[in-house]
Amino acid sequence: MAVKIRLSRHGARKRPYYRVVVADGRMPRDGRYIELVGRYDPLTDPKTVDLDVEKIDEWIARGAQPSTTVSHLIDIARGGAPAPEKKRKLSKKAAAAKSAE
């Protein structure tokens, strides 16, 4: 059985939050999982990363493979730094208004 540590999407349409779960690789993204090991909310400011790093380390020691996104979240949780913000591109109207000032 290939065990993966990955995100499971929850929340309303266009209002996502994610659970970090340990699941069998053959299960669907939001399907049955073995254990809940954390949460991630990208909509709060700053982004909320709440992981149980000890449980994650135990699962990795047993052979579970974290996804690339979860690996990044683990690095953020260990470092204690907030998640980096993406640079937001201005719309054409906002750019025109800013250049007119």
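Look up: the structure comes first, before these words.
Residues numbered from 1 in each chain as written. Predicted model: local features only at pLDDT ≥ 70, side-chain atom pairs only at ≥ 80, totals over all residues. Heavy atoms only, no water.

Chemist: Talk me through the overall build of the protein; I want residue IDs and the actual numbers.
Modeler: Scanning the protein for helices and strands turns up three helices and five strands. Secondary structure of the protein in N-to-C order comes out as β-β-β-β-α-β-α-α. Against the 2.2 N^0.38 benchmark of 13 Å for 101 residues, the protein shows a C-alpha radius of gyration of 17 Å, more extended than a compact globule. Based on the C-alpha atoms only, the size of the protein along its principal axes is roughly 60 × 30 × 20 Å. Of the contacts formed within the protein by residues at least 6 apart in sequence, a portion of 33% connects residues at least 24 apart. For the protein, the computed accessible surface area is about 7,400 Å², with 51% contributed by carbon and sulfur atoms. In the protein, which carries 22 positive and 13 negative side-chain charges, the distance between the mean positions of the two groups comes to 11 Å. (Helix = DSSP H or I, 4+ residues; strand = E, 2+ residues; numbered from the N terminus. Rg over C-alpha atoms; globule rule 2.2 N^0.38 Å. Contact = heavy atoms within 4.5 Å. Areas by Shrake-Rupley, 256 points an atom, 1.4 Å probe, with all protein chains shown as cover. Lys, Arg positive; Asp, Glu negative; His and termini not counted. Charge placed at Lys NZ, Arg CZ, Asp CG, Glu CD.)

Chemist: Would you mind going over unusual backbone geometry in detail, with residue names and values included?
Modeler: The omega torsion across Asp45 and Pro46 is 5 degrees, close enough to zero to call that bond cis. As for its position among the elements, Pro46 is in the loop between strand S3 (35-41) and strand S4 (48-51). At Lys14, a position not held by glycine, the phi torsion is positive, near 65 degrees. Inspection of the secondary structure assignment puts Lys14 in the loop between strand S1 (3-12) and strand S2 (15-24).

Chemist: Run through the pairing of S1, naming residues and quoting values.
Modeler: By the bridge criterion, ten bridges tie S1 to S2 in an arrangement that is antiparallel. Across the sheet, Arg6 pairs through a bridge with Val21, a residue of S2. Connecting S1 to the next strand, S2, in antiparallel fashion are two residues, including Lys14 with a positive phi near 65 degrees. Where S1 lies against strand S5 (residues 65-66), two bridges are found, and the strand directions are parallel. Across the sheet, residue Ile5 finds its bridge partner in S5, namely Pro66. (Pairing = 2+ DSSP bridges.)

Chemist: So what about the nonpolar core? Which residues, and what values?
Modeler: Buried together is how nonpolar side chains tend to be arranged in soluble globular proteins. If you look at the biggest cluster of nonpolar residues, it comprises 14 residues, and the most contacted ones within it are Ile5, Val20, Val37 and Trp59. Of all the secondary structure elements, the ones that give two or more residues to this core are S1, S2, S3, helix H1 (53-61) and helix H2 (68-79). With residues up to four places along the chain from it excluded, the contact list for Val20 reads Ile5, Arg6, Leu7, Glu35, Leu36, Val37, Gly38, Arg39, Leu51 and Val70. (Core = buried A, V, L, I, M, F, W, Y, C linked by side-chain atoms within 4.5 Å. Buried < 20%, exposed > 50% of the residue type's maximum accessible area, 1.4 Å probe, protein only.)

Chemist: If you had to explain the side chain of Ser8 to someone new, which residues and values would you point to?
Modeler: With respect to the secondary-structure elements, Ser8 resides in strand S1. Judged by relative accessible area, Ser8 falls into the buried class, the value being 1%. For Ser8, the side chain forms a polar contact with the side chain of His10, separated by 3.2 Å. Sequence-distant contacts of Ser8, defined by excluding residues within four places in its chain, comprise Tyr17, Tyr18, Arg19, Val21, Arg29 and Asp30. (Polar contact = N/O pair within 3.5 Å; in protein donor to acceptor, adjacent residues only side chain to side chain.)

Such coordinate-based values are descriptive only and should not be taken to indicate function.
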